[in-house]
Amino acid sequence: LVGSEMCIETDYHLITYLILFLSGIASAFIDNIPFTATMIPLIKDMQSLMGISHADYMWWALATGACFGGNGTMIGASPNVIMVAIAAKEGHNISFGTFMKWCFPLMLLSLFIAAAYIEVRYFILNQILKAVAKWLIILPQLFFIAQKRTPYLSYKSLYKILMKLYTPIALL
């Protein structure tokens, strides 16, 4: 059962990053608003099928992917089209390939930075906060139990007990 839970957790990562990069690359070539509107019911259904009640990371993957993806090509976002038209008016013709040569790698870099943010914010930090919250609940209870069993427990000995309990947290 533990192995299957780890596999499901890995699938959350995989699905989240697939949403991020699929929406990013697709939004470079098609309009991001219809793409995002199409993906919303798909992600809702996916979350209900997977039994996920609250998965903000998938929504942020869709939002950041669709937003940053438009920067990859000149047709990916309206400001890109306007900028190319202004450049052409000023005598600087920018071809589709030239725009993509410079901007697509930057778009990919933006997607990797977004992936790192999602990883830290929703997967790593979430686990740390769960562990800290668990220990913040347990430690006062241990202090009360220690006080009740040995009313003359010194702070020095209580500190030793707490440091033994704290060591597993530091290893997380």
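Residues numbered from 1 in each chain as written. Predicted model: local features only at pLDDT ≥ 70, side-chain atom pairs only at ≥ 80, totals over all residues. Heavy atoms only, no water.

1. Comments concerning the overall build of the protein chain
Our working rule: Put simply, DSSP marks the helices as runs of H or I at least four residues long and the strands as runs of E at least two long, and each gets a number from the N terminus on. The buried label goes to any residue with under 20% of its type's maximum accessible area, the exposed label to any with over 50%, and the partly exposed label to all in between, with areas taken from a 1.4 Å probe on protein chains only. For this analysis, residues touch if any pair of their heavy atoms sits within 4.5 Å. All accessibility values rest on the Shrake-Rupley procedure with a 1.4 Å probe; residue burial counts only the protein chains present in the view.
Each helix and strand in the protein chain was counted, giving six helices and zero strands. Listing each helix as α and each strand as β along the protein chain from the N terminus yields α-α-α-α-α-α. Counting across all 172 residues of the protein chain, residues that qualify as buried make up 28%. Considering only contacts in the protein chain between residues 6 or more positions apart, those separated by 24 or more positions represent 70%. Roughly 11700 Å² of accessible area belongs to the protein chain as shown, and the carbon and sulfur atoms make up 73% of that amount.

2. Examining helix α4 (residues 78–89)
Basically, it comes down to this: Multiplying 1.5 Å by the residue count of a helix minus one yields the expected span of that helix. Arc definition: it is the arc formed by the directions from the helix axis to the C-beta atoms.
Counted at 1.5 Å a residue, the expected span for α4 with its 12 residues is 16 Å, and the 17 Å between its end C-alpha atoms agrees. Listed in full, the buried residues belonging to α4 are Asn80, Val84 and Ala87. The buried residues of α4 occupy one face: seen down the axis, they fall within an arc of 60°. Exposed residues on α4 whose side chains face more than 90 degrees from its buried face are Ser78, Pro79, Ile86 and Lys89.

3. Regarding the packing of aromatic side chains
The line we're drawing: Any two rings among Phe, Tyr and Trp, with Trp reduced to its six-membered ring, count as a pair given centres within 6.5 Å; such a pair is stacked if its planes are under 30 degrees apart, edge-to-face if over 60, and tilted if neither.
Counted under the stated rule, the structure contains five aromatic pairs. Seen from their ring centres, Tyr12 and Tyr57 are 6.4 Å apart, and the 45° between their planes marks the pair as tilted. Here the residue Tyr12 occupies a position in helix α1 (residues 2–29), and Tyr57 occupies one in helix α3 (residues 56–69), the gap between them amounting to 45 residues. Ring geometry for Tyr57 versus Phe123: centroids 4.8 Å apart, planes at 50°, classification tilted. In this pair, Tyr57 sits in helix α3 while Phe123 sits in helix α5 (residues 96–149), placing the two residues 66 residues apart along the sequence. Through pairs of rings, three or more aromatic residues link up here, namely Tyr12, Tyr57, Tyr122 and Phe123.

4. What to know about the confidence of the model for the protein chain
Low pLDDT means the predicted coordinates in that region are not meant to be read closely. Heads up, the rule is: pLDDT expresses how confident the predictor is about each individual residue, on a scale running from 0 to 100.
Across the protein chain, the average pLDDT comes to 82, with 72% of residues at or above 70. Taken together, the stretch residues 1–10 has pLDDT below 50 and engages in one contact with residues farther than four places along the chain or on a different chain.

5. Regarding the nonpolar core
Here is the rule we go by: Residues grouped as a nonpolar core are buried Ala, Val, Leu, Ile, Met, Phe, Trp, Tyr and Cys residues, joined through side-chain atoms within 4.5 Å.
Grouped together as the largest cluster of nonpolar side chains are 24 residues, with contacts concentrated most on Ile19, Leu20, Tyr57, Met58 and Ile118. Secondary structure elements with two or more residues in this core: α1, α2 (32–50), α3 and α5. Excluding residues within four positions of it along the chain, Met58 makes contact with Ile15, Thr16, Ile19, Ile43, Gln47, Met50 and Ile52.

6. Notes on a nonpolar patch on the surface
What counts, and what does not: Patches here: salt-bridge-free residues with over 30% relative accessible area, like charges joined within 9 Å, nonpolar side chains (Val, Leu, Ile, Met, Phe, Trp, Tyr) joined within 5 Å. For salt bridges, the criterion is a side-chain nitrogen of Lys or Arg within 4 Å of an Asp or Glu carboxyl oxygen.
Together, Val120, Ile124, Leu125, Ile128, Leu129 and Val132 give the surface a local cluster of nonpolar side chains, amounting to about 480 Å² of exposed area. Residue position: Leu129 is located in helix α5.

7. Quick look at the side chain of Gln47
What counts is decided by this rule: Two N or O atoms count as a polar contact when they lie within 3.5 Å, although within protein this holds only if one can serve as hydrogen donor and the other as acceptor, and sequence-adjacent residues are included solely when both atoms are side-chain atoms.
Turning to its location among the elements, Gln47 is positioned in helix α2. Taking the relative accessible area as the measure of exposure, Gln47 reaches 8% and is therefore buried. Within polar-contact distance, the side chain of Gln47 engages the backbone oxygen of Ala55 at 3.3 Å. Each residue touching Gln47, except ones within four places of it in the same chain, is listed here: Ile52, Ala55, Met58 and Trp59.

8. Describing α2
Stated formally: The angle between axes fitted to the seven-residue stretch ending at a residue and the seven-residue stretch beginning at it gives the bend at that residue.
When the terminal C-alpha atoms of α2 are compared, their 26 Å separation across 19 residues agrees well with the 27 Å that a helix rising 1.5 Å per residue should span. Of all the bends in α2, the largest measures some 25° and sits at Met39, one to four residues before the proline Pro41. By the burial criterion, the buried members of α2 are Asn32, Phe35, Met39, Ile43 and Gln47. Of the residues trailing α2, Gly51 is marked for its positive phi of about 75°.

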